[in-house]
Amino acid sequence: MAYLNVEGAIKRYGATTALNGVSFSVAKGEFFTLLGPSGCGKTTLLRSIAGFSQLSEGRVALDGADLLAVPPHKRDIGMVFQDYAIFPHLTVAENVAFGLKARKVATSVIRDRVAEALATVRLSALSERLPAALSGGQQQRIGIARAMVVKPRLLLMDEPLSNLDAKLRLDLRDEIRDIQRTIGIAAIYVTHDQEEALAISDRICVMDGGSIEQIGTPQQIYGQPATRFVASFVGTMNLLSPEAFGLPAVPGVAQWALRPERLRLAEAGATEHGASGFSGLVEHFTYLGREAHLTVKAQGHRLVAQIAAPPPDLAIEAGREIRLSFDRADLHAFDAAGRRVRTGLAA
Ligand SMILES: Nc1ncnc2c1ncn2[C@@H]1O[C@H](COP(=O)(O)OP(=O)(O)OP(=O)(O)O)[C@@H](O)[C@H]1O
Ligand SMILES: [Mg+2]
């Protein structure tokens, strides 16, 4: 059942259309991610739901009630920002208590709720510290505790991890997901990091230029990209011309596409049934331990291949000719407008 409903959201800034008719729903307890390149309208959409920005057209309903009629401070929505936005002169506990004090909640209730929120984000031991004496990850957890402490009906997070180093991002990403599941809140999470989106989301909404390209589970978004944009934005995709590598010309197919991990090193001359094989010249070879990456030039294409669990002695010099093969069932197909096409070759 839809909990949050956004319908026909349009936002214009003068001549710029930041949102161009966006519609989607989020279920109760769902982790929903907005993913897209810089400027595609993610923050605009989040701010419109929170009420910091007014839509030019469209409707937003939460739990069946029109949200746009409710002033921002009464929407019961928690928001976590990219740049922490915490008060440096207040302790951790005082930062978390801030929203409750502003709402004139009783002191004893504030004490309990702050303790509970700090325990959830594992900051209880640091409650009397000032933010300057905390790591970036700990500061960001203050932001999450502060958004949660008011027991919002919806949690919005705008690139909360983008200021953190890679290791911390991974840890905190898992923590955010655990916290969201524990409290069972509907969350909308914004990122332009596709791997983060795949890892953290129940469903991902891929946006480009103010419009939705596709909404789906991580598996659908990666495995059955609805458009060429989604295919190339989420992960890497090799785009092949319609008759490349001996592929049959299928009416309506303007481009075939293949993930790098679907290409494999093949023995000379041996191509299995249902597979296509071809020779190419190695441009780059990168050995990464658990995988190896190859860039290969073949028949006017430059292809990326990813070899999982390479033999420990695998080393391929640039300029060498190698043979690669792939299963035709692993191909994706797109029409001239970049939309996914179903074919007998590619499901
Ligand atoms: N206050 C504003 N006035 C004019 N144009 C704006 C304003 N805010 C955003 N825009 C424009 O609207 C578009 C969408 O911006 P938005 O901030 O929503 O993108 P985003 O997807 O969050 O990007 P990023 O990943 O860089 O944060 C951009 O073209 C931006 O320049
Ligand atoms: Mg943004």
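Values in this document were obtained by computation on a predicted structure and should not be read as measured data. (Residues numbered from 1 in each chain as written. Chains lettered and ligands numbered in written order. Predicted model: local features only at pLDDT ≥ 70, side-chain atom pairs only at ≥ 80, totals over all residues. Heavy atoms only, no water.)

A.B. asks: Account for the nonpolar core, naming residues and giving values.
C.D. replies: The biggest cluster of nonpolar side chains holds 34 residues, and the ones touching the most others in it are Val96, Val114, Met157 and Ile176. Contact partners of Met157, with chain neighbours within four places excluded, come to Phe31, Leu46, Val80, Ile176, Ala187, Ile188, Tyr189 and Val190. Grouped together as the second largest cluster of nonpolar side chains are 28 residues, Val6, Ile49, Leu154 and Ile188 included. (Core = buried A, V, L, I, M, F, W, Y, C linked by side-chain atoms within 4.5 Å. Buried < 20%, exposed > 50% of the residue type's maximum accessible area, 1.4 Å probe, protein only. Contact = heavy atoms within 4.5 Å.)

A.B. asks: Account for the domain arrangement of the protein, with residues named and values stated.
C.D. replies: When the domains of the protein are assigned, the result is domain 1 (2–233) and domain 2 (238–334). For domain 1 and domain 2, the distance between their C-alpha centroids amounts to 39 Å. Between domain 1 and domain 2, the residue contacts involve 9 residues of the former and 6 residues of the latter. Counting the surface domain 1 buries against domain 2, the share from its top three residues, Tyr222, Arg228 and Ala231, is 71%. Joining domain 1 to domain 2, the criterion identifies 4 residue pairs in polar contact (both at pLDDT 80 or more). Mapped by element, the contributors of at least two residues to the side of domain 1 that touches domain 2 are helix H7 (218–223) and helix H8 (228–233). Classifying every residue of the side of domain 1 that touches domain 2 gives 5 nonpolar, 3 polar and 1 charged. (Domains from an automatic or database assignment. Buried area = accessible area lost by both parts, 1.4 Å probe. Polar contact = N/O pair within 3.5 Å; in protein donor to acceptor, adjacent residues only side chain to side chain. Helix = DSSP H or I, 4+ residues; strand = E, 2+ residues; numbered from the N terminus. Nonpolar A, V, L, I, M, F, W, Y, C, P; charged D, E, K, R; others polar.)

A.B. asks: Could you give an account of the pattern of salt bridges, with specific residues and numbers?
C.D. replies: By the definition in use, this model includes 15 salt bridges. Where Arg203 meets Glu30, a salt bridge forms, and the shortest distance between an N and an O atom there is 2.5 Å. Residue Arg203 is found in strand E9 (residues 203–208), and its partner Glu30 is found in the loop between strand E2 (16–27) and strand E3 (31–35); the two are separated by 173 residues along the sequence. Its relative accessible area of 25% is what places Arg203 among the partly exposed residues. Accessibility expressed as a relative area gives 9% for Glu30, which makes it buried. Linking Arg169 and Glu196 is a salt bridge whose minimum nitrogen-to-oxygen distance equals 2.7 Å. Here Glu196 lies in helix H6 (residues 194–200) and Arg169 lies in helix H5 (residues 166–183), a separation of 27 residues in the sequence. Per residue, the accessibility class of Arg169 equals that of Glu196, and both read buried. Among the ionic contacts, a cluster of salt bridges with common partners joins Arg122, Arg141 and Glu175. (Salt bridge = Lys/Arg side-chain N within 4 Å of Asp/Glu carboxyl O.)

A.B. asks: I'd love a proper account of the site of ligand 1, names of residues and values included.
C.D. replies: Around ligand 1 sit 13 residues in total, of which Ser38, Gly39, Lys42, Thr43 and Thr44 are the nearest. Between ligand 1 and the protein, one listed contact pairs an oxygen atom with a backbone N or O atom of Cys40 at 3.2 Å. In this structure, Gly41 approaches ligand 1 through a main-chain N or O atom, which is 3.0 Å from an oxygen atom. Across the complex, the protein chains shield 59% of the 640 Å² of accessible surface that ligand 1 would expose by itself. Elements that contribute at least two residues to the shell around ligand 1 include exactly E2 and helix H1 (42–50). With 3 residues, H1 is the largest single contributor of residues to the shell around ligand 1. (Near = heavy atom within 4 Å. Areas by Shrake-Rupley, 256 points an atom, 1.4 Å probe, with all protein chains shown as cover.)

A.B. asks: Give me H5: which residues, what numbers.
C.D. replies: Look at H5: 26 Å from first C-alpha to last across 18 residues, which is about the 26 Å you get at 1.5 Å a residue. Looking at H5, one finds that the buried residues are Arg169, Leu172, Arg173, Glu175, Ile176, Arg177, Ile179 and Gln180. Against E3, helix H3 (107–120), helix H4 (136–148), strand E7 (154–158), strand E8 (186–191) and H6 lie the buried residues of H5. Among the residues of H5, the N-terminal cap falls to Asp165, whose side-chain oxygen and the backbone nitrogen of Lys167 are separated by 3.2 Å. Two residues or fewer after H5 comes Gly184, characterised by a positive phi angle close to 65°. (Expected span 1.5 Å × (residues − 1).)

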